[in-house]
Amino acid sequence: VMAAILRKYIVVGGGVAGGYAAREFVKLGLQPGELTIFSKEAAAPYERPALSKAYLFPDAPARLPGFHVCVGSGGEKQLPDWYAEKGIELKLETEIVKADVENKTLTTNKGDIYEYGTLILATGSTFLNLADFKTPGADAKGIYYLRDIGDADKIVEAIKASKGDEAVVVGGGYIGLELAACLTMNKIKVNMVFPEPCLMPRLFTPELASFYERYYEGKGVNIIKGTTVTAFEKDDNGHVSKVLLKNGSSVNSTFVVVGVGARPLLAPLKGLIEEEKGGFKVDASFKTSNPNVYAVGDIATFPMKMYGDSRRVEHVDHARKSAMQAVQAIKAAEKGEVVDEYDYLPFFYSRSFNLSWQFYGDNVGETVLWGRNGAAASESKFGAYWVKDNKVMGAFLEGGSPDENKLIAKVAREQPTVNSTDELVSGGLGFASKI
Ligand code: FAD
């Protein structure tokens, strides 16, 4: 029997949460040799959102080591050497394929066995693949997805190889929006296809979306709403040549990028840990049903203190904060102490072209738009509030400065009472500045 390699702490997943967990361990005091991080990827943890933004720019694109964590939140850039200097073992291109929570062991794809004292799961998500939906032709060459650097590099190659052909972006969420913008910036004609009646349907109302739709159309993007891809046609080389749509139309295209959602990666702990709402159920310090195992980032279903329910959140801000919370809780527990409960304010953002929006809070109730008077789409400042039971629950702002974004965050946190929505329409950002 092979002896297990013993580590006080093990992190499975070297993505955003994995990188921020490492920083928090170092900050709170880590002895060399105590921590091992496993990652399937070849690169040390980096700020994943860059991949659908600056990584794909035609001019001066972002490249590693430029966006390793923790630059995304204004912290120190952790290059591979940083881990070595801190005595952290960073096992790249190493997948954990098996777990045994009784014996507290993990097995790598290379056959090594590690034993942990405390385990943090930070395996993130993977994209939904059209082949999984059995879309005919989904295995054609020229159809791309985006999750990691390897995927992004393939898209960069395809951009370089494209010779005036039209592209199809499948999906109207933030990945679709950001990809459509990047391809357009690379002078590729883009057709966006999505089944919902408007862009960003999980957050935007049709009224809010109309600004972005008109802006994108102004940049030359052809938006095809309310329909889905039924099949891909291939040429003799197995390369995509045509995208067939449910509405009966089609687009001749040799370059397709798909952003239709993600699914959390629970293997190899699946079945060993309690689940809720598609993720591992955790408490307010990200401890799972197993006291030696924590789960953070995209895979954790955590108590949302502000709203009295539990949620799974696939966003970078939560990946960072949940990782820090878990490490703080682990270190506190060693001293017989407890940390404050996680009290997360949901925060989503996206950037494309010269646009940049932020949203804080909960998008429930009635949406009240301000600063938009039906004028043509321009890079103007406008926003929205979500109001439920006379309380402002969510706030959205396009084109806000850092200080202005802080104002809307404060509104979402404090949930002020409003007697009529008129004061939100006429007050706009001024309403937020008075809170
Ligand atoms: P990840 O960052 O995905 O890291 C998980 C890591 O674990 C990966 O490296 C994976 O390879 C590895 N792994 C998985 N299984 C194993 C295993 N068994 N063994 C070893 N390693 C394993 N969010 C926003 O808020 N704003 C944005 O603008 C935004 N843009 C995005 C753009 C793109 C292209 C993508 C893909 C996501 C974007 N997100 C954005 C979402 C955000 O990046 C994720 O929510 C965040 O990365 C989650 O962090 P995580 O650590 O949980 O997972």
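Just so you know, these numbers come straight off a predicted model, no measurement behind them. Throughout, a residue's number is its position along its own chain's written sequence, starting from 1. Residues qualify for local features only when their pLDDT is at least 70, as the model is predicted, and side-chain atom pairs are given and counted only at 80 or more; totals for whole chains, interfaces and linings, by contrast, use all residues. With hydrogens and water set aside, each side-chain value is computed from the structure's full complement of heavy atoms.

A short note on the overall build of the protein chain
- For the protein chain, the count of helices and strands is nine helices and 26 strands.
- In terms of overall dimensions, the protein chain is globule-like: its C-alpha atoms have a radius of gyration of 23 Å, near the 22 Å expected for 435 residues.
- Out of the 435 residues belonging to the protein chain, those deemed buried represent 52%.
- Whether two residues are in contact is decided by their heavy atoms: any pair within 4.5 Å suffices. Counting only contacts in the protein chain whose residues sit at least 6 apart along the sequence, the fraction spanning at least 24 positions is 62%.
- In the form shown here, the protein chain has an accessible surface area of approximately 18900 Å², with 49% of it arising from carbon and sulfur atoms. Numbering of helices and strands runs from the N terminus; a helix is a DSSP stretch of H or I covering at least four residues, while a strand is a stretch of E covering at least two. We take the radius of gyration over the C-alpha atoms and set the globule estimate at 2.2 Å times the residue count to the 0.38 power. Throughout this description, buried means an accessible area under 20% of the type-specific maximum (1.4 Å probe, protein chains only), exposed means over 50%, and partly exposed covers the range between. To be clear on the numbers: accessible area is Shrake-Rupley with a 1.4 Å probe, and residue cover counts the displayed protein chains and nothing else.

Quick look at the sheet that holds strand β8 (residues 143-144)
- Taken in spatial order, the five strands of this open sheet run β8-β15-β9-β10-β11, and their pairing is parallel. The sheet is open, and its two edges are formed by β8 and β11 (222-225), each paired on a single side.
- A pair of strands counts as paired when DSSP detects no fewer than two bridges linking them. Across two bridges, the pairing between β8 and strand β15 (residues 255-258) is parallel. Bridge assignment links Ile 143 to a residue of β15, and that residue is Val 256.
- Lying over the sheet, helix α3 (residues 149-161) contacts β8 and β15, oriented at roughly 155 degrees with respect to β15. Lines fitted to C-alpha atoms define the axes here, with helix axes fitted over just the stretch in contact, and angles between the N-to-C directions of these axes take values from 0 to 180 degrees.

Some points on the sheet that holds strand β18 (residues 279-281)
- Across the sheet, four strands lie side by side as β17-β18-β20-β21; this open sheet has mixed pairing. Every other strand in the sheet has two partners, leaving β17 (275-276) and β21 (309-312) as the edge strands with one partner each.
- Examined bridge by bridge, strand β20 (residues 300-304) and β21 share four bridges and lie antiparallel to one another. Residue pairing across strands places Pro 303 opposite Ser 310, the latter belonging to β21.

What about the layout of surface pockets?
- A 1.4 Å probe that fits but cannot get out identifies a cavity on a 1 Å grid over protein atoms alone, an open set with protein on both sides within 12 Å along at least five of seven lines counts as a pocket, and a residue lines either if it has an atom within 4 Å of a point. Grid points are joined across faces, edges and corners, and a volume is the space filled by probe spheres set on the points. The calculated volume of the second largest pocket comes to roughly 450 Å³.
- As for the second largest pocket, its lining consists of 23 residues, of which Gly 72, Asp 317, Arg 320, Phe 347 and Tyr 349 are closest to the centre.
- Only α6 (316-334), β22 (347-352) and β23 (355-361) provide two or more residues apiece to the lining of the second largest pocket.
- All residues other than Ala, Val, Leu, Ile, Met, Phe, Trp, Tyr, Cys, Pro, Asp, Glu, Lys and Arg, Gly among them, are scored as polar; the first ten of these are nonpolar and the last four charged. Here the lining of the second largest pocket is composed, by residue class, of 11 nonpolar, three polar and nine charged.

Describing the site of the ligand
- Throughout, the term near means that a residue has one or more heavy atoms lying within 4 Å of the molecule or strand in question. Every one of the 33 residues lining the ligand counts as a neighbour, but Ala 17, Glu 41, Lys 53, Arg 147 and Asp 298 are closest to it.
- Here a polar contact means two N or O atoms within 3.5 Å. Within protein one must be a hydrogen donor candidate and the other an acceptor candidate, and residues neighboring in sequence count only if both atoms are side-chain atoms. The backbone of Val 316 places a nitrogen or oxygen atom 3.0 Å from an oxygen atom of the ligand.
- When the free accessible area of the ligand is taken as 1000 Å², the share hidden by the protein chains comes to 97%.
- When residues in the shell around the ligand are grouped by element, the largest group, three residues, is from helix α4 (residues 174-185).
- Looking at side-chain class alone, the shell around the ligand contains 14 nonpolar, 10 polar and nine charged residues.

Observations regarding α4
- Relative to the 16 Å expected for 12 residues at 1.5 Å per residue, α4 spans 16 Å between its end C-alpha atoms, a close match to the ideal helical length.
- Among the 12 residues that make up α4, nine are buried, leaving the element largely enclosed by the rest of the structure.
- Every buried residue belonging to α4 is among Gly 176, Leu 177, Glu 178, Leu 179, Ala 180, Ala 181, Cys 182, Leu 183 and Thr 184, and all of these are buried.
- On its buried side, α4 packs onto α3, β9 (167-170), β10 (190-194), α5 (206-218), β15 and β22. To estimate how far a helix should extend, the number of its residues minus one is multiplied by 1.5 Å.

Description of the packing of aromatic side chains
- Stacked, tilted and edge-to-face are the three classes applied to pairs of Phe, Tyr and Trp rings, where Trp contributes its six-membered ring and a pair requires centres within 6.5 Å; stacked means planes under 30 degrees apart, edge-to-face means over 60, and tilted covers the rest. Evaluation of the coordinates by the stated rule reveals 29 aromatic pairs.
- A centroid spacing of 5.6 Å and a plane angle of 85 degrees characterise the contact between Tyr 144 and Phe 255, whose relative ring orientation is edge-to-face. Taken together, the positions of Tyr 144 in strand β8 and Phe 255 in strand β15 put the pair 111 residues apart, joining distant regions of the chain.
- With a relative accessible area of 3%, Phe 255 lands in the buried category.
- Taken together, Phe 204, Phe 211, Tyr 212, Tyr 215, Tyr 216, Phe 353, Trp 357, Phe 382 and Phe 396 form an aromatic cluster joined through their ring pairs.
- The rule for a charge over a ring is simple: NZ of Lys or CZ of Arg within 6 Å of the ring centre, and within 35 degrees of the ring normal. Over the ring of Tyr 55 we find Arg 63; its NZ or CZ atom is 3.9 Å from the centre of that ring.
- It is Lys 219 that lies over the ring of Phe 353; its NZ or CZ is 5.3 Å from the centre.

Some words on α6
- For α6, which comprises 19 residues, the first-to-last C-alpha distance of 28 Å matches the rise-based estimate of 27 Å (1.5 Å per residue) to within 8%.
- Most of α6 sits out of view: 14 of its 19 residues are buried.

A closer look at the packing of helix α1 (residues 16-28) against α6
- Remark: α1 packs on α6, axes separated minimally by 8 Å, with the N-to-C direction vectors making an angle of 35 degrees. Considering only the axes of α1 and α6, their crossing is right-handed. Here Val 16, Ala 17, Tyr 20, Ala 21, Arg 23, Glu 24, Phe 25 and Leu 28 of α1 come into contact with α6, specifically with Val 316, Ala 319, Arg 320, Ala 323, Met 324, Val 327, Gln 328 and Lys 331.
- Its residues assigned to classes, the contact of α1 with α6 comprises 11 nonpolar, one polar and four charged. For a crossing to be left-handed, the near helix must be turned anticlockwise from the far one by less than a right angle; the clockwise case is right-handed.

Focus on the nonpolar core
- Among the nonpolar cores identified, the biggest contains 78 residues, and Leu 35, Tyr 83, Leu 121, Phe 286 and Tyr 385 are the most heavily contacted of them.
- Element by element, the count of residues in this core is highest for α6, at seven residues.
- Not counting chain neighbours up to four residues away, the residues in contact with Tyr 83 comprise Gly 19, Ala 22, Ile 37, Ala 44, Pro 45, Val 69, Gln 78, Ile 88 and Leu 90. By convention a nonpolar core is built from buried Ala, Val, Leu, Ile, Met, Phe, Trp, Tyr and Cys residues, the set being connected through side-chain atoms within 4.5 Å.

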